[in-house]
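Structure assessment
Each chain is listed here by its residues.
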Amino acid sequence: MKMQEKTSRNEQMLHAPVEKLIARLAVPTMISMLITAVYNMADTYFVSQIGTSASGAVGIIFSAMALIQAFSFTFGIGTGNHVSRLLGAGKAETANQYVAVGWFTGFIFGTLLGLCGLLNLHSVVKLLGATDTIAPYAMDYARFIFMATPFMMCSFIMNNILRFQGLAAYAMVGITIGGVLNMLLDPLFIFGLGMGTAGAGLATGLSQFVSFLILFGMCNLKKDTISVKFGNFKPSRKIYGDILYTGSPSLARQGVTSFATVVLNRSAGVYGDAAIAALSIVSRYTMFMNSLIVGFGQGFQPVCGFNMGAKKYQRVKKAFYFCVKVSTAALLVLCVVSMLLSGNIIALFRKDDADVIAMGTYALRVQLLTMPLWGFYVMSNMFSQTAGYGLRASVISAARQGICFIPLVLILPRLFGLKGLLITQPVADVFAFALSIVLVTGILKQLNQKSREENSVGGRL
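All of these numbers come straight from a predicted model, not from anything done at the bench. (Residues numbered from 1 in each chain as written. Predicted model: local features only at pLDDT ≥ 70, side-chain atom pairs only at ≥ 80, totals over all residues. Heavy atoms only, no water.)

Quick look at the overall build of the protein chain
Within the protein chain one finds 19 helices and 0 strands. By the compact-globule yardstick of 23 Å for 461 residues, the protein chain fits well, its C-alpha radius of gyration being 22 Å. Considering the protein chain as a whole, with its 461 residues, one finds that 60% of them fall into the buried category. Relative to all contacts within the protein chain whose residues are 6 or more apart in sequence, the contacts with residues 24 or more apart total 82%. Total accessible area computed for the protein chain in this model is approximately 17,800 Å², and 68% of it derives from carbon and sulfur atoms. Taken together, the 36 basic and 17 acidic charged side chains of the protein chain have centroids lying 10 Å from each other. (Helix = DSSP H or I, 4+ residues; strand = E, 2+ residues; numbered from the N terminus. Rg over C-alpha atoms; globule rule 2.2 N^0.38 Å. Buried < 20%, exposed > 50% of the residue type's maximum accessible area, 1.4 Å probe, protein only. Contact = heavy atoms within 4.5 Å. Areas by Shrake-Rupley, 256 points an atom, 1.4 Å probe, with all protein chains shown as cover. Lys, Arg positive; Asp, Glu negative; His and termini not counted. Charge placed at Lys NZ, Arg CZ, Asp CG, Glu CD.)

Considerations on the packing of aromatic side chains
Following the criterion strictly, the structure yields 25 aromatic pairs and no others. Considering the side-chain rings of Tyr 45 and Phe 349, the 6.3 Å spacing of their centres and the 70° angle between planes classify their relative orientation as edge-to-face. With Tyr 45 in helix H2 (residues 18-48) and Phe 349 in helix H13 (residues 342-349), this residue pair connects regions lying 304 residues apart in the sequence. Between Phe 107 and Phe 151 the ring centres are 6.1 Å apart and the planes differ by 70°, which places this aromatic pair in the edge-to-face class. Placement of the pair is Phe 107 in helix H4 (residues 92-119) and Phe 151 in helix H7 (residues 149-164), with a sequence separation of 44 residues. Aromatic ring contacts, followed pair by pair, group Trp 103, Phe 104, Phe 107, Phe 151, Phe 209, Phe 212, Phe 216, Phe 230 and Phe 233 into a single cluster. (Phe/Tyr/Trp six-rings, centres within 6.5 Å; stacked < 30°, edge-to-face > 60°.)

Examining a nonpolar patch on the surface
A cluster of nonpolar side chains, Val 333, Val 336, Val 337, Leu 340 and Leu 341, forms an exposed patch at the surface whose accessible area comes to about 490 Å². Structurally, the position occupied by Val 337 is in helix H12 (residues 313-340). (Patch = residues over 30% accessible without salt bridge, like charges linked within 9 Å, V, L, I, M, F, W, Y side chains within 5 Å. Salt bridge = Lys/Arg side-chain N within 4 Å of Asp/Glu carboxyl O.)

Side note on the pattern of salt bridges
Tallying each qualifying case throughout the model produces 5 salt bridges. Salt-bridge contacts for Lys 318 lead to Glu 19; the nearest nitrogen and oxygen are separated by 3.9 Å. In this pair, Lys 318 is assigned in helix H12 and Glu 19 in helix H2, connecting sequence segments 299 residues apart. Under the relative-accessibility criterion, Lys 318 is labelled partly exposed at 47%. Owing to a relative accessible area of 29%, Glu 19 belongs among the partly exposed residues under this scheme. Residue Arg 143 pairs with Asp 140 through a salt bridge whose shortest N-O separation is 3.7 Å. Of the two residues, Arg 143 and Asp 140 both sit in helix H6 (residues 135-147), 3 residues apart, roughly one turn of that helix. Judged by relative accessible area, which is 30%, Asp 140 ranks as partly exposed.

Overview of the packing of helix H3 (residues 52-88) against helix H11 (residues 273-309)
At a minimum axis separation of 11 Å, H3 and H11 run at an interaxial angle of 5°. As summarised for this structure, H3 and H11 are arranged roughly parallel, according to the angle between their axes. Of the residues belonging to the contact of H3 with H11, the class tally is 11 nonpolar, 11 polar and 3 charged. (Axes fitted to C-alpha atoms, helices over the stretch in contact; angles between N-to-C directions. Parallel < 35°, antiparallel > 145°, perpendicular 65-115°, else oblique. Nonpolar A, V, L, I, M, F, W, Y, C, P; charged D, E, K, R; others polar.)

Structural notes on the environment of Leu 439
If you trace the backbone, Leu 439 turns up in helix H19 (residues 424-460). With 58 residues separating them along the chain, Leu 439 and Asn 381 place their C-alpha atoms 9.9 Å apart. What Leu 439 contacts, discounting residues up to four positions off in sequence, is Arg 392, Val 395 and Ile 396.

Focus on H3
For H3, built from 37 residues, the straight-helix expectation of 54 Å at 1.5 Å per residue is met to within 8% by its first-to-last C-alpha distance of 51 Å. Counting buried positions along H3 gives 34 out of 37 residues, so the element sits mostly inside the fold. (Expected span 1.5 Å × (residues − 1).)

So, the nonpolar core
Within the largest apolar cluster, 130 residues are counted, with the highest numbers of intra-cluster contacts made by Ile 61, Phe 320 and Phe 383. For this core, the element with the highest residue contribution is H11, accounting for 18 residues. Discounting residues that sit within four places of it in the chain, Phe 320 has contacts with Phe 300, Phe 376, Met 379, Ser 380, Phe 383, Val 440 and Leu 444. In terms of nonpolar packing, the next biggest core, distinct from the first, is built from 6 residues, Phe 144, Leu 185, Leu 202 and Ala 203 among them. (Core = buried A, V, L, I, M, F, W, Y, C linked by side-chain atoms within 4.5 Å.)

As for the packing of H7 against helix H8 (residues 168-192)
Here H7 crosses H8 at 155°, and the two axes come no closer than 7 Å. Classified by the angle between their axes, H7 and H8 sit roughly antiparallel to one another. Facing H7, whose interface residues are Asn 159, Leu 162 and Arg 163, H8 presents Ala 168, Tyr 170, Ala 171 and Ile 175. Classifying every residue of the contact of H7 with H8 gives 5 nonpolar, 1 polar and 1 charged.

A look at the environment of Leu 373
In this fold, Leu 373 is placed in the loop between helix H14 (354-370) and helix H15 (374-386). Relative accessible area serves as the criterion here: at 25%, Leu 373 is assigned to the partly exposed category. Linking Leu 373 and Val 430, residues 57 residues apart in sequence, is a C-alpha distance of 7.6 Å. Here Leu 373 is in contact with Asp 429, Val 430 and Phe 433, once residues within four sequence places are set aside.

With respect to the state of the cysteines
As enumerated under the stated definition, the model contains 0 disulfides in all. Note on Cys 116: no disulfide assigned, nearest cysteine sulfur contributed by Cys 154 at a separation of 17 Å. Lacking any disulfide linkage, Cys 304 is separated from the closest cysteine sulfur, that of Cys 323, by 9.5 Å. (Disulfide = S-S within 2.5 Å.)

Description of the environment of Thr 52
Relative to the helices and strands, Thr 52 is located in helix H3. Look at Thr 52 and you get buried, because its relative accessible area is 15%.

Spelled out as structure tokens, the structure:
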């Protein structure tokens, strides 16, 4: 890594106005997240043209992909978080070791996870909530997802490592090219080659492999990045402990999302394939909206990490409040527009199925009522995790689709039937929002105390 380029980037992270800095870093991450959400919706759209059961298969396998992402983000954010703080503290050599340990561990783990999925394919899709009519479509789709698992995991890991170095533009290239390729290959494989849902799975697997190759090149060929080198693979209890502690909120968030999706699909299965398909479509659309907020927050994370490492706590707080305001305002606008077009949005995916349209429209509308709360919730999650408050971050991560959601999805359908199922997520959002306020308020008070202590020491010196 060129010392001059590294020093210049560190100076910007620690001294440039946080509003402009976050906006600059957020643009490429927002594009990356947007592309990912779009090709996820493209999968759902093209597969939905096959039939309602095929559409439900995408929702079933989403929980498996969420689990893959859970482990990916555990290693990726756990590694990247420490890399940003180590660079902020001027410890580049140690950062190299963290990168190698995170990457190689992720590749080995991803290979084992993919093999387990392939060897137990039928059992896995049934466990995930597939009905007898959805299971064949789900197996066709999942087969290629599990084949690509190690490459998917390492792509997410490298994406996060680059982001936390303040190099989100490099990460954007790999994600964007892979996403565009996925959208082009979907109709070709599904309809042109007559592969059905297997074609969607193959398109996703190939695009993830291409993203992997590009991101690997970015990490190893660009002079201003930390390279992935086996010679730096020096695992230790401390490194694994740091990565897992900081990355555990991602495991909590995505792992709980996976489990919650399984519970949701099993509950929806009682009402038929149309209910699973409707909730799958709503999930993909709200994920599209949320991707913009997550992408914006990812522009905040390296700023938070660098400044926490440099003990600039007031700068961290200023960045956090700025992100909450911007993300909440953006969500309000998106929710109003989506509310007006909700029926048309669901019909775009399954225009020939009145049941899917009716259930999907209702579910989307009630979800939109609470989505503006996601601005504070998402930023609180990223802030607590990047600032090093792993336990609280894990609680916040698990709140929305775990601590609050799972009990409600078991209770509300028993009380209110199908409508109880469809309102579960927005009700859980309200409780998760309240919990995040309590936990983040405590962190902000601690940062105020640390800031006063630093100023006191500086004054005495």
